Amino acid sequence: MAIITCGMIGQTLTAQLPPIQKAIDLPDLSSALIRKVIATSDDGIIAFVQHDSLRSVVKLDVNGDLAWSQRISSGAVDPHWDVRDMEPTTDGGAVLMREFWDGDWVDGSVYVVLTRLDAAGAIVWNKRYQLPGMNSLTTHLADLMTNGADEFFILTWATFFGGSDPHGVVKIDGSGAVLWCTHILSDVGPTFLSRLYPSQGGGCIFVDYPSGSLGYEKINVVLLDASGNLAWGRSVEMTNGNWTTWSGTTIQSSTGDVYVQGDQSSTGAPSLSYGFMFKIAPTGDLRWYKLYGSGSLPNSF
C-alpha cells in the first residue's frame, strides 16, 4: 500500500467582499433555484433554474449579466420533466436532456427529449427519442456527455426485476440524428452511479459501480469506439470485497491509458477509508491498482 505524506501550505488566505452584487430579474420568476450550471464556449454561463412548477434556462454573459432566458415548462400541464442534464455546444449554446411521459405511470411510455439551443437562446432543434427497451416503469436517464465536437452520448439504465440491468448508450450528432445505439449488460442491483466519459477518436468510456451484498464491490469499465463497437471491457474487484466504493472521475491520457479514481470505505470493523486509483492499458489490461491515505479519514485521497 502506498502512503503519501503531504506538506501544509502555510499561507493565510485573504477574504475579499465582492464590490458589486447583482440582482437578475427573470420573467415570471420572483425567486429561483439554480439546479444545473455549465460553462459555454464563449465564456458565458448557462443555468437551469426552477421556481415551483416553472422551469427556465438562462444564459449569463462574461460579466454575469443576463443574456437571455428561455422558458421550457409552464406548470403541471406540461408533460416535460425537469432538465436532467446539459452539455455545451461549440457555438456557445447548449443541448438539454429531459424526459417526456406519454400516458400514465403504468401504461405510458417514456422518451428522451433533446433540445438544442444556439448562443442566442433560440431553439435549433427539439427531438424526441424512444430508445430500445425504454418504458415508464423501468427506464432511467443517467447521463448526457459530449466529446467537445458537437457529438453527444446519452446513457440510460433499465431495471428488470429478477434479471439484469442493461445500460443503453446512444450517440447523437450535432443535428440530433442517431448515429448508433448499443446495450451494455451489467450486474443485478442499483446502477445510478454509472457515468460516461469521452475517449479518443470519438468514442466513450462507460464506468459502472454495480452493487453487491456488502456494497459496491467492483467497478466495470468499458471502452466503446466511435462506431459503438466494444474495444475492451474490464471488471476490477475492490480489495477484499468488503468495501463500499464511490465514484470519482475517469480520464484517458494521450497514450490511451484509462485512469479511474474515487474513494472507498470498509463495511466491516474497523471502519477505514481510502482514496483509490487504477490504470487500464489501451489493450484493456489492468496495469496497477493503488490505495492512498492513512485509512482513518473519509475521502482521504
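Residues numbered from 1 in each chain as written. Predicted model: local features only at pLDDT ≥ 70, side-chain atom pairs only at ≥ 80, totals over all residues. Heavy atoms only, no water.

Looking at the overall build of the protein chain
(1) Moving on: Within the protein chain, the secondary structure is distributed over 0 helices and 20 strands.
(2) Moving on: Within the span of the protein chain, comprising 301 residues, buried residues form 46% of the whole.
(3) Moving on: Residue pairs at least 24 apart in sequence account for 41% of intrachain contacts in the protein chain once pairs closer than 6 positions are excluded. (Helix = DSSP H or I, 4+ residues; strand = E, 2+ residues; numbered from the N terminus. Buried < 20%, exposed > 50% of the residue type's maximum accessible area, 1.4 Å probe, protein only. Contact = heavy atoms within 4.5 Å.)

Quick word on the nonpolar core
(1) Moving on: In this structure, Ile205, Val207, Ile219, Val221, Val260, Phe276 and Phe278 are the most contacted members of the largest nonpolar core, which totals 16 residues.
(2) Moving on: Listing elements by their share of this core, those giving two or more residues are strand 14 (204–208), strand 15 (218–224), strand 16 (230–237), strand 18 (258–266) and strand 19 (273–280).
(3) Moving on: The leading source of residues in this core is strand 19, at 4 residues.
(4) Moving on: Once residues within four sequence positions are removed from consideration, Ile205 is found in contact with Arg195, Leu196, Tyr197, Pro198, Ser199, Val221, Val222, Leu223, Thr250, Gln252 and Val258. (Core = buried A, V, L, I, M, F, W, Y, C linked by side-chain atoms within 4.5 Å.)

Focus: the sheet that holds strand 14
(1) Moving on: Reading across the sheet, the 4 strands line up as 13-14-15-16 and stay open at both edges, with antiparallel pairing between neighbours. A strand with exactly one partner marks an edge of an open sheet, and here the two such strands are strand 13 (195–198) and strand 16. Strand after strand, the sheet turns through a mean of 15 degrees between neighbouring axes, direction not considered.
(2) Moving on: In terms of strand pairing, strand 13 meets strand 14 through 4 bridges, oriented antiparallel. (Pairing = 2+ DSSP bridges. Axes fitted to C-alpha atoms, helices over the stretch in contact; angles between N-to-C directions.)

Quick word on the confidence of the model for the protein chain
(1) Moving on: Here the protein chain averages 76 in pLDDT, and 62% of its residues register 70 or above.
(2) Moving on: Predicted confidence is poor over residues 1–9, with pLDDT under 50, and the contacts of this stretch with residues over four places away or in other chains come to 7 contacts.
(3) Moving on: Low pLDDT, under 50, characterises residues 297–301; the predicted model gives this stretch 16 contacts beyond four residues in sequence or across chains. (pLDDT = per-residue confidence, 0-100.)

Observations regarding the side chain of Arg98
(1) Moving on: Within the secondary structure, Arg98 sits in strand 6 (residues 94–102).
(2) Moving on: The class for Arg98 is buried, based on a relative accessible area of 5%.

Notes on unusual backbone geometry
(1) Moving on: Positive phi outside glycine occurs at Asp43, with the angle close to 70 degrees.
(2) Moving on: Relative to the helices and strands, Asp43 resides in the loop between strand 1 (33–39) and strand 2 (45–51).
(3) Moving on: Assessed through its relative accessible area of 59%, Asp43 is described here as exposed.
(4) Moving on: In this model, Asp150 sits at a positive phi of 60 degrees, which is unusual for a non-glycine residue.
(5) Moving on: With respect to the helices and strands, the residue Asp150 is situated in the loop between strand 9 (139–146) and strand 10 (152–158).
(6) Moving on: For Asp150, a relative accessible area of 16% puts it in the buried group.

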